[in-house]
Every structure is written in C-alpha cells, then in structure tokens.
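The primary structure of each chain is shown beneath.
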Amino acid sequence: MQEVAWHSKSQKEVLSLVDSAISGLSSAEAGKRLERDGYNEIKGERGISPISLFFKQFASMVIMVLLLAAVISYFTNHKIEFIVILVILLLSVIISFSEEYKASKDMEALISLAPKKSTVIRDNKKQVILSKELAIGDILVLERGDIVGADARIIEANNIRIDESLLTGESLPVTKTIETIPGSQQITQQLNMVFAGTNVTDGNCVAVIVKTAENTEMGKVSGLIKGIRQETTPLQKRLDKLAKQISFGGIMLAIAVFFIGYMHGNDLTTTLLFSLAVIVSGIPESLPTVVAVTLAAGVKKMADKNAIVKRLPAVETLGTCSVICSDKTGTLTQNKMVVENIFTYGAEIKVTGNGYDPKGIFLKENIKFDPKKHNTISKILEIGILCNNSDIKKENNAWKVEGEATEGALIVLARKAGIIKVDYHRKFPRKKEHPFDPVRKCMSTVHLYNGKNIVYSKGAPELLLKKAKYYFDDGKIKKITSSVANIFLKKNKDFASKGLRVIGLAFKEHKGSFELHNVESGLVFVGLVSIRDPLETSALESIKLCKEAGIKVVMITGDNESTARAIAAELGILGERDMVLTGKELDNLSDAELGKVVERVAVYARVTPAHKLRIVEQLQKAGHVVAMTGDGVNDAPALKKADIGIAMGRCGTEVAKESSDIILKDDNFTTIVNAVEQGRATYENIRKFVYYLLVTSFSEVLIIFIAVLVGTNLPLTALMILFLNLVTGQLPALGLGLQKPPKRIMNQKPRNPKEGILSDYLLLKIGELIPLVVLGTIVIYILELVIRQSPIQKAQTVAFATIVFFELFHSFNAMSWTDSVLSKEFFSNLYVVGGTITAAILTILAIHLPLSRKGKAWKSLHQERHEMAFYTMIINP
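Just so you know, these numbers come straight off a predicted model, no measurement behind them.

Chemist: An account of the packing of aromatic side chains is needed here, citing residue identities and associated values.
Modeler: All chains considered together, the criterion is met by ten aromatic pairs. Seen in terms of ring centroids, Phe258 and Phe259 are 5.6 Å apart; in terms of plane orientation they differ by 85 degrees. Their pairing is edge-to-face. Its relative accessible area of 22% is what places Phe258 among the partly exposed residues. Ring geometry for Phe428 against Tyr449: centres 4.2 Å apart, planes inclined by 25 degrees, an arrangement best described as stacked. Highlighted residues: Phe428 in the loop between helix 15 (421-427) and strand 16 (430-437) and Tyr449 in strand 17 (residues 442-449), separated in sequence by 21 residues. According to the relative accessible area criterion, Phe428 is buried, its value standing at 4%. When its relative accessible area of 21% is taken as the criterion, Tyr449 is described as partly exposed. What links up through ring pairs into an aromatic cluster is the set Phe343, Phe488 and Phe525. Over the ring of Tyr39 we find Lys132, and its NZ or CZ is 5.0 Å from the ring centre.

Chemist: I'd like a rundown of the pairing of strand 17, residues and numbers included.
Modeler: Across the eight residues that make up strand 17, a large majority, six, are buried. With five bridges connecting them, strand 16 and strand 17 associate as antiparallel partners. Residue Asp437 lies in a different strand from strand 17, and its bridge partner there is Cys442. Hairpin connection, strand 16 to strand 17: the antiparallel pair is bridged by four residues, and Lys441 has positive phi, about 50 degrees. Alignment of strand 17 against strand 18 (residues 452-459), held across eight bridges, turns out to be antiparallel. Bridge pairing in strand 18 links Val446 to Val455.

Chemist: I'd like a description of the pattern of salt bridges, backed by residues and values.
Modeler: Under the criterion given, the structure shown has 28 salt bridges. In this structure, the salt-bridge partner of Arg36 is Asp37, at a minimum N-O distance of 2.8 Å. Owing to a relative accessible area of 36%, Asp37 belongs among the partly exposed residues under this scheme. Note that Arg161 is salt-bridged to Glu404, the shortest N-O span being 3.6 Å. Placement of Arg161 in strand 4 (residues 151-163) and of Glu404 in the loop between strand 15 (398-402) and helix 14 (405-416) is noted, with a sequence separation of 243 residues between them. Look at Arg161 and you get buried, because its relative accessible area is 6%.

Chemist: Please provide a residue-by-residue account of the sheet that holds strand 24 (residues 579-582), values included.
Modeler: Pairing is mixed in the open sheet, where eight strands are placed in the order 8-28-27-26-9-23-25-24. A strand with exactly one partner marks an edge of an open sheet, and here the two such strands are strand 8 (307-309) and strand 24. Neighbour-to-neighbour, the strand axes of this sheet turn through a mean angle of 20 degrees, independent of strand direction. Relative to strand 28 (residues 662-664), strand 8 is paired through three bridges, and the arrangement is antiparallel.

Chemist: Tell me about helix 31 (residues 830-848), and please be specific about residues and values.
Modeler: In a regular helix each residue adds 1.5 Å, so 19 residues correspond to 27 Å; helix 31 covers 27 Å between its end C-alpha atoms and thus fits that length. By the burial criterion, the buried members of helix 31 are Val832, Val833, Gly835, Thr836, Ala839, Thr843, Ala846 and Ile847. With its buried residues spanning 165 degrees around the axis, helix 31 presents them on a single face. In helix 31, the exposed positions that point more than 90 degrees away from the buried face belong to Leu830, Tyr831 and Ile844. Buried-residue contacts for helix 31 involve helix 27 (718-728), helix 28 (730-736) and helix 30 (792-813). The distance from a side-chain oxygen at the start of helix 31 to the backbone nitrogen of Tyr831 is 3.0 Å, and the residue carrying that oxygen is Asn829.

Chemist: Can you break down the packing of helix 27 against helix 30 residue by residue, with the values?
Modeler: For the pair helix 27 and helix 30, the least separation of the axes is 11 Å and the interaxial angle reads 20 degrees. Taken together, helix 27 and helix 30 sit at an angle that is classed as roughly parallel. Helix 27 and helix 30 meet at a crossing whose hand is right-handed. Contacts from Met720, Phe723, Leu724 and Thr728 of helix 27 reach helix 30 at Gln796, Thr797, Phe800, Ile803, Val804, Glu807 and Leu808.

Chemist: Lay out a nonpolar patch on the surface with the relevant residues and their values.
Modeler: A cluster of nonpolar side chains, Phe248, Met252, Ile255, Phe259 and Met263, forms an exposed patch at the surface whose accessible area comes to about 570 Å². Looking at the element boundaries, Phe248 is found in helix 8 (residues 234-263).

Chemist: Go over unusual backbone geometry, please, and point to the residues and values.
Modeler: In this structure, Asn124 is a non-glycine residue whose phi angle is positive, near 65 degrees. Assignment of secondary structure puts Asn124 in the loop between strand 1 (117-122) and strand 2 (125-130). Of the residues examined, Asn124 reaches a relative accessible area of 60% and is grouped as exposed. Despite not being glycine, Asp474 has its phi angle at roughly 50 degrees, a positive value. Judged by its relative accessible area of 46%, Asp474 falls in the partly exposed class.

Chemist: Would you mind going over the environment of Val455 in detail, with residue names and values included?
Modeler: Turning to its location among the elements, Val455 is positioned in strand 18. The residues touching Val455, leaving out its near neighbours within four places in the chain, are Thr445, Val446, Ala506, Phe507, Lys508, His510, Val519 and Leu523.

Reading guide: rules and limits
- Residues numbered from 1 in each chain as written.
- Predicted model: local features only at pLDDT ≥ 70, side-chain atom pairs only at ≥ 80, totals over all residues.
- Heavy atoms only, no water.
- Phe/Tyr/Trp six-rings, centres within 6.5 Å; stacked < 30°, edge-to-face > 60°.
- Buried < 20%, exposed > 50% of the residue type's maximum accessible area, 1.4 Å probe, protein only.
- Helix = DSSP H or I, 4+ residues; strand = E, 2+ residues; numbered from the N terminus.
- Lys NZ or Arg CZ within 6 Å of the ring centre and 35° of its normal.
- Pairing = 2+ DSSP bridges.
- Salt bridge = Lys/Arg side-chain N within 4 Å of Asp/Glu carboxyl O.
- Axes fitted to C-alpha atoms, helices over the stretch in contact; angles between N-to-C directions.
- Expected span 1.5 Å × (residues − 1).
- Arc of directions from axis to C-beta.
- Contact = heavy atoms within 4.5 Å.
- Polar contact = N/O pair within 3.5 Å; in protein donor to acceptor, adjacent residues only side chain to side chain.
- Parallel < 35°, antiparallel > 145°, perpendicular 65-115°, else oblique.
- Left-handed = near helix turned anticlockwise from the far one by under 90°.
- Patch = residues over 30% accessible without salt bridge, like charges linked within 9 Å, V, L, I, M, F, W, Y side chains within 5 Å.
- Areas by Shrake-Rupley, 256 points an atom, 1.4 Å probe, with all protein chains shown as cover.

Here it is, written out as structure tokens:
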C-alpha cells in the first residue's frame, strides 16, 4: 500500500482507504490480509550461530600463523611440536569463543519473550488476539495500560493520552484527538494517530490500523538499524594491526633464516626447522588467550557493577570514548514526574521525596510543617486528588503509576500528606467529568462535598486564571485583581524557565447545569504546582567525573528546547559557550555545516532517530570515539552506529538492547562512569602484558636469528620456545591482565583513537630491555658450550633457564610504568606473584623431571644426564 498521510484524512476517508468499517473485519478477511501482508512483527537481524562464532575466532592473524607453524611441524615429522601447537591454538580459540558466547547468552536473558496481545473488533465483537495477528483495517480497542500493537488512526476517543517517550523521547504523555490534522507533520504532531510500541496512560479510544510490521514508525527505526554495519572496535583494530605487524615480521625473518641456513649447507628439513623456531619465537602464542581472559575479567567486573557486556572488545572500547551521547528521559532523568514546589498567594512550599515513593516532607522556609493544617495547601491537595483519574500502586517493592504520570505526581503529593485517593473519592463522589483536551488545556470534575456540588479544575495556569474571578488566600475567597494574577503568571514563567511543568489548580461551589461553560467559569484560583522529571541522583557527580576524565557529555532528547536547555544547564552539560540545536535547525544544516559546529553543541532538542544517527556520524568524522546511551526505540539506530552502544536494562526496549554493546542493569548513568574506568584499566593491562610478552618474543627471535647467522646450533629449540611463551610467559601475563587500575586513571584524557598499542614510549621500554636479555642469554650459552664444553642439550638447558629468569623478573617490572620493581607495590598483585611462582616451579620440574624419548616414564636428570629433556625433542644438526 502506498504511503498515505493518514493524519490528514478524516475517519470516513481512512476507513474507506483500508476497506474497513467500525464493526471491524471478519476473521476470514483478516486471515486473507495476513496472508497478503504477513504477520505484524518486525524481524530482527539474524544472530550469529554458535558454530559461526566458533570459526570466527580463527580469523586472528596470530591463530593463522600458529596454523602455519603446526603445518611445518607436521611435515618435518615433529609430531610433539605439532600436537602442542594445536593444543595451544584450540585453547585460545575455545577461551575466546566461550566468553563471547556467554556474553551473548546473558543478553538473551534480558530480552522478554512473552507474546503481546491486543483487543480488536472482529466479526462485530471484541476479541483478544496476539499482536502479531493484527491486520490492516482491524479496529483496535485501546484502554489505559495497553501497549499499542500497530500504527492506527483514531476514530473515537475519550480522554486518551499516550506515553510516546520510547519512540519520540518526549517525557510527557500526549493527549490525542480524533480531529483531522492537515499538512505534512512529524509524528510528534500527529495527534490523531497512535503508534506501535507506545503506552496508553489514560482514557480509551477506538482506532483503525493503517500500518503493520516494518511499515510502522517502529518498523522504520528497525530498518535504520539493519542498514548500519557493525564497526570494528578500536581494540580489535589495534590488536589486528599488532598481530599483522608481528606476524609479517616473523614470517620475513623466517624466510631470511631459511635462506641463510640453506646457504650454510643445511638440508631442507633443518632449514625448515630453523624457520619454525623463528616463527614460534616471534609469535606470542599466549596473546589471544591472555587478551580473552583479560577482557573476560573486565566483563565480570563490569557485571558486578551492573553492566552486561555483549561483546568482549566493548569492555576496552568504552575506556577510549571521548564523547558520551546521552538520551535525557530515563537516562539522565528518572522518567518519573514529581511535584517539587507548591506556590500560593503568600506562600511557597518545597516538597521532598524520591520518584513515586509516597514518602516526603513539606518545607516552608526550610522548616517542616503539616500541610493539612494550612488551608490553602490542603485545598491544593484536595483538588489534585479529586480532579484525577490515576493512582499509584506498589509492585516488586517499587511504586508505579497506574495512568498518566502528571496525575500520578499529584496522587503521590497527597499521599505524602497522608491523604489516600480512594478514601476521598468514596467520601466525595464524582458527579461529572469534563476531560482534559489540548484546546482548552484543562480538566474539571464535579463532586458532592458535604451536600454541595464543588467543581475542581486543573490545567494550564494562564488559561485557568482567565476563567477565575477569585483567588484563595489562607481559607478566604477574595476578588482576583490583575496584580494578583500577575504574581501567579510571573511564578509560572519562572518555573517554566527551569524546565518544570506547571499546573494551576482551582475550585468553586457550583450551582446550575453541569455544562462545560457553566462548570469552568467564575473559578477560585488556589495556586500552582511545579512538576519535573527529576535528575538521576548520581547524574551530577557522574557528569563531573566525565569532565575530569576528558569525556564530553552531549544530551540528545525529543523534549522541547527550553526544557532540554534547563536540565542540561542544571546537570553541568551546557556551558556558557556551548550551543543548543533543535531538530528543525539540524534539518537546515548540511553535513559540512554540522561538522563545523558539532564540537560546540552540547544539547540537541526535538530530534528524530535519523537526527541522532547523523549526530553520531558527525562526531565520529570529527575523530571521536562515541558512546551512545539510551532506552527507547528512537535510540536504537544511533546505539548501533556508535562505537559503543549502551542500553538501559530495566526500562529499555528490546530494540535498544538488541542494538547495543553494553546493557546497564540498573539504568544508572553512574554505572557508565564505572565502566569507563574499568575499560581504561583493561586497556592499560593489555598494554602491560603486551610489553611483557613482546620483550620475551623479540628476544627469542634475535637469539635464534643470531645463532643461524653465525652458523651455530640453536640455543633454544621450538619446544623450549613454546614452553617459554605458554608457561613462563602466559601465567604471569594472566596476572598482569588482572592488575588494579592506577589511582588517577580517571584524571587522564582519553587516548588518541589512532594511537597503537605500541606507543613510542612502550617501544622505547621494549628496546631498552631486549639487548640485555639477548646478550645475557647468548653469553651464558657460549660460556657453557665453548668454555665448559658441555653437551648441546645442557647448554640449551642453561640458556633456557637464563631467559626464564629474565622473563619472570620482567613480569614484576611490567606491573607499573613508573614504580620500581623494589617498591612497596611489589606484592600488590598476587596474581602476578602466584603466576611467577607457578611458572618457576614448572620450569624446575621441566628441567629435573624430563620425559624419556619414548614417552613411557619420567626420569631424573641426575640419573641420566645425557637423556634429552622433554623440550629438546628437536634433533639438532
């Protein structure tokens, strides 16, 4: 069906276009349409299968070079080396696979799989069906608490209000109408439409379905997500680059060694053996395993701090981010409406409390007082609870609103004074209601109060004041004057400038008919209440920490500019020189123009999903590593496009969770700061063990290369090198991967995203140590072989023991870039200490308890000195 501006069509035109009627479709016709259009479901992207995930691990350059080494071992008839290399290879792959697979399963556990249902009129009667069975032309019946199953045009409405925050980012429920809305409008202005995935907070309506599945607004967002390619993380890029550099260097040296050895008169098998030794020594075989374990440790630590990681590299990526783009509603704020101030003629009251919890106190000039003893304040509480269709209830130890959030705030306000809605409504029964509508911006009810009809009204203060002839002053009704009205209007403007929603409250004793014009005239204006979506309690401190860490926080919201500006300023996001851009202003900017100002913009208001995606792209083009937080459907495309997508676990939509890399279980912005710290610590630890491993690997390569160059026997055999790289190398390296973060790690600026793991400083430190290790090992090897004229096996054993000593000592050196090995931090990492001791014990056992050549028994080196140790299986020329 071609695209139609459904909001601009009358109810009769819409019913005609979809070939339906108010009596609904027949079951047979609905079946035909489902067969034609398909089920009303948005198909997600196909996840990677466990088998594909397993084989994906073989894409690593290090793994591929190890495979090459295994092939050389096999064809040179060195079966033990072949088996050992394969075991190493499979161990690395299995560890990486298991951690990534476990993370994906944790993600699946967060996604609700419960089938959703909708009420429709079919065969001229109401029926409850699965939402996926909704068809175009179905008549949808919506009531408070329902989730809208498809996009539909309203044809009948009764005080219907919809929470569209998960789709548009707008924190306040939207009052809907049946009136035709002409022209082209954004979805926020299509007030006669309801959209799939949104929530009915109040009232009820009947609507005809005009879009299903991928054609809904939510489906369009899903389409944006599917068009976004998952980018490789900075860590993956760096490790891939490092692995390629090391592998390329190792292969080039192996080729050089092959030709040098062949020129020295060695046969093909021996030269291949030399090449194998260079490849094995040059490749840090334990690197994939240690990286996987370090990232997995980071995942566990982040999970302990309420952050679920879907992809292992995302741990480190978060630590590199330079910009966090955060949605306002539900992320920086609580997505709960709370009354903070009451203003009456002659008094201003502050109200404390948290969310919808009905605990709090009333403060007048910072002194606690009883609101029920104050005539004007008690009247405000009375109006707020009687002119109200919502309520609150406690579920799973948390208070929730049943109905519209703003009305829920008034219920909570009354409960804080000990006033229960059900008691008041029973005592003062309602006789008439004039629901809120967007034109008059007011709601009024009439109640029987001590034998009299009393009108209670609430709505926009400026409009309610126009309907008022009197005002309430400490229990007395007085004639309102322009000066009194201006006092209220000035305060209304003051509250609104701070991003607060302001409601006026009025009453009167009523006589005559209950017609609207009669009910809402001659009112007694009582006062104002200011309502806001409170900031997350820890958001201020978290944003301050982000600034100290050199991370810019950008607020992106569907709210209006004034609300967004006020909240961003209060959070410390918006500075004096920062800019605020609206979605309309974004539309008027080209990509080049946006790129020029994107660094200065701190707040984006009234934006759409396409805008969010564009903002992230421009920040990435400016060289930033971008983290995007959010909970709504509208956040999903930007979540996926960002370098790191962070979704909310409790109130986030399934679409947002599926599009993210990390999910916050507590929906707390502070958890992001903790995760950033862990990400930075993880990267520091990766650099430390890379420094540790490369000193050893490069030293081994040079030792082998020098030996081949001068034409002597190899000081180290391939199996010795494997032992060095996997036992004495890997165990301390695993400990380095668990090193605690430096105390001032969050005071450092984000790293340059283009900086490699091997920075100039790190290369300098590697270059300082390698000559010492190489020279020391070769000198001791020559002394043993030439001067003491020991057998080749013993000389190799001494060289092996020497390099083990250097390597284990170096593990403590790698723990800190600044502290000495002999500092008080020596025993601060028990994992390194334990790994070093274990590696030393295994080395001693390897030397003194060798395996016989036939592999049938272990024998003491002191009993059979000339028996080769298990790591000297290679037959030397």
